[in-house]
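Listed below are the residues making up each chain.
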Amino acid sequence: MVGMTTAESFVLAIGTKKGLWLATSQDRRQWSFTGPHFLMAEIPSIGIDTREGRTRIMVGVRNEHWGPTVAHSDDLGTTWTEPEQGAIRFPEDTGAALERIWQIYPDAESRPGVVWAGAEPISVWKSTDGGEHFELNRGLWDHPHRSEWGAGYGGAAAHSIVVHPARETVHVAMSTGGVYRSLDGGTSWEARNRGISAYFMPDPNPEFGQCVHKIAADAAVDGRLYAQNHHGVYRTDDNAESWNSIAEGLPADFGFVMLTHPRREGTAWVVPLKADGERIPPNGELAVHRTDDAGGTWKRLSNGLPTGEYNSVLRDAASVDTAEPAGVYFGTRGGTVYASADEGETFAEVLAHLPDVLCVRAAVVAGA
Amino acid sequence: MPDITVVLPSILQPLAGGQSVLTAPTDGPVTVVKLLDSVTAGFPVLARRLRDETGALRRYVNIYVAGDEVRRLQGLETEVAPGQEVLVIQSVAGG
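Residues numbered from 1 in each chain as written. Chains lettered and ligands numbered in written order. Predicted model: local features only at pLDDT ≥ 70, side-chain atom pairs only at ≥ 80, totals over all residues.

Regarding the overall build of chain A
And then number 1: When its secondary structure is counted, chain A shows 1 helix and 29 strands.
And then number 2: Here the C-alpha radius of gyration of chain A, 19 Å, is about what a compact globule of 368 residues would show, namely 21 Å.
And then number 3: The buried share among the 368 residues of chain A stands at 52%. (Helix = DSSP H or I, 4+ residues; strand = E, 2+ residues; numbered from the N terminus. Rg over C-alpha atoms; globule rule 2.2 N^0.38 Å. Buried ≥ 20, exposed ≤ 12 C-beta atoms within 10 Å, placed from the backbone.)

What follows is the structure, given as structure tokens:
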């Protein structure tokens, strides 16, 4: 067993269009909630940092009136701290202003204090003080492709950051622009989209310009990543040098979610939606799909999920925890959150009737 | 000369130490941008709620000088006379 001693429990953070809800559980079945925190502000990004013997919850907050900011709590939401000058602040010479924080990504255990953020306008940021202050990644900001990157429906943002736990390899995904890879810790970046279709462009196989919705790394196979694209589900086995379709066996190749197992090779989860022009679960039947063989085959998982569900699941509105078996969590734009304590075999509703769920994160923590 | 007063909505008052009105002493007319710089100097979080890091007024923040919203005047360069009251009011927006 991993991560299931009596001193441990689970934290589930749910960011919505109108605030944040926090839940704790001892067994991933019965949950106690607090919230809404940050009422009337949207919470599009959450990072739960369990390194260094503490649980720090970081949230990207965006109020329609008062703008975006980053706040953090070290006491499971009892108190929140917001750095006075703002944790993410564009340098004056850029002439840019922060619109929205799309991603907060604590780095590996081996890099304590390091937290990455992805934001709109398209930008990547790095903190070395546990998410209290971030520095703009200049390599990506000054990238020559920038003027040709576009905005997806939700805005132009860097929404996925995957950092290799040992090497200086960083993958970023942006909509629209595609996947970019750095081999030097973020100093320089190259587009890495070969094999990913951009059917909506004049050249459907461009170097960049793809609308990648989410990427995630296989924890056990070096150089293997998975991508849920704007139509298309892909895998790379060569560190994003080339991508191949793994959509066969899925009811649809559209969707936003891509999750990978915290340890086990070849296991990933997606939540298919019918199509770009029909963003609902196929036939209104909500289901998660899991592969255990790196996309060779997919298993439909709907035990405990409702039929007649017409809400979509957004790219960050899903998460896994690190327990054994891994927990799988997701929320819909209809405000219902589901949890599975058995890798998706069975789901149970944990909260309903919330505002649109934008972000879900779960973690195993000590003594919550 | 009489001070210029800046009246805050209740939601922002905790970011100004609980004050509902901030005052700026002045020896003549000042622009709204100078006025905001002055009254928010000790309240950086409040400053960020009103303007982004480029200095632009946030889209749904309205500032009224003598009953007119500054976007219909000279924006943040609108002059405020000593003794005038400036109102900060959020737009009616959202769903």
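Here we look at the overall build of chain B
And then number 1: A count of helical and extended segments in chain B gives 2 helices and 7 strands.
And then number 2: Walking chain B from its N terminus toward its C terminus, one meets helices and strands in the order β-β-β-α-α-β-β-β-β.
And then number 3: The C-alpha radius of gyration computed for chain B amounts to 12 Å, which stays within 12% of the reference 12 Å derived for 95 residues, consistent with globular compactness.
And then number 4: In terms of overall dimensions, chain B has a C-alpha envelope of 40 × 30 × 25 Å along the principal axes.
And then number 5: When the 95 residues of chain B are sorted by exposure, 23% land in the buried category.
And then number 6: A separation of at least 24 residues holds for 56% of the contacts in chain B among residues at least 6 apart in sequence. (Contact = placed C-beta atoms within 7 Å.)

Notes on the sheet that holds strand S6 (residues 67-73) of chain A
Residue and element names in this part refer to chain A.
And then number 1: As summarised here, the arrangement of the 3 strands in space is S4-S5-S6, forming an open sheet in which the pairing is antiparallel. Edge positions in the open sheet fall to strand S4 (42-49) and S6, since each of these has one partner strand only. Across the sheet, the mean angle separating the axes of adjacent strands is 15° when strand polarity is ignored.
And then number 2: As paired strands, S4 and strand S5 (residues 56-63) are joined by 6 bridges and run antiparallel to one another. Its bridge partner being in S5, Ile-48 is matched across the sheet by Ile-57. (Pairing = 2+ DSSP bridges. Axes fitted to C-alpha atoms, helices over the stretch in contact; angles between N-to-C directions.)

Thoughts on the interface of chain B and chain A
And then number 1: Contacts between the two partners involve 15 residues from chain B, matched on the other side by 14 residues from chain A.
And then number 2: Take the side of chain B that touches chain A: its biggest share by element is 4 residues, from helix H2 (residues 44-50) of chain B.
And then number 3: Taken together, the residues of the side of chain B that touches chain A break down into 6 nonpolar, 4 polar and 5 charged. (Nonpolar A, V, L, I, M, F, W, Y, C, P; charged D, E, K, R; others polar.)

Section: the sheet that holds strand S27 (residues 337-340) of chain A
The strands that make up a sheet are held in pairs by hydrogen bonds between backbone atoms, and each pair lies either parallel or antiparallel.
Residue and element names in this part refer to chain A.
And then number 1: The strand order across the open sheet built from 4 strands is S25-S26-S27-S28, with neighbouring strands paired in antiparallel fashion. Two strands bound the open sheet, and with one partner strand each, they are strand S25 (318-320) and strand S28 (348-351). The average angle at which neighbouring strand axes cross in this sheet is 25°, direction not considered.
And then number 2: When strand S26 (residues 328-331) meets S27, the two strands line up antiparallel, connected through 4 bridges. In the strand pairing of S27, Gly-331 is matched with Val-337.

Section: the confidence of the model for chain B
And then number 1: Mean pLDDT for chain B: 95, with 98% of residues reaching 70 or above.
And then number 2: The ipTM for the predicted assembly is 0.94, set against a pTM of 0.96. (pLDDT = per-residue confidence, 0-100.)

Thoughts on the pairing of strand S7 (residues 85-90) of chain B
All names here are of chain B.
And then number 1: Across 3 bridges, the pairing between strand S1 (residues 4-7) and S7 is parallel. Opposite Val-6, over in S7, you have Val-86 as the bridge partner.
And then number 2: Alignment of strand S4 (residues 61-65) against S7, held across 5 bridges, turns out to be antiparallel. By the bridge assignment, Tyr-64 is partnered in S7 with Leu-87.

Some thoughts on the environment of Gly60(A)
All names here are of chain A.
And then number 1: Its location among the elements puts Gly-60 in strand S5.
And then number 2: The buried category is assigned to Gly-60, around which 30 C-beta atoms lie within 10 Å.
And then number 3: Among residues more than four places away in sequence, those in contact with Gly-60 are Ile-43, Pro-44, Ser-45, Pro-68, Val-70, Ile-101 and Ile-104.

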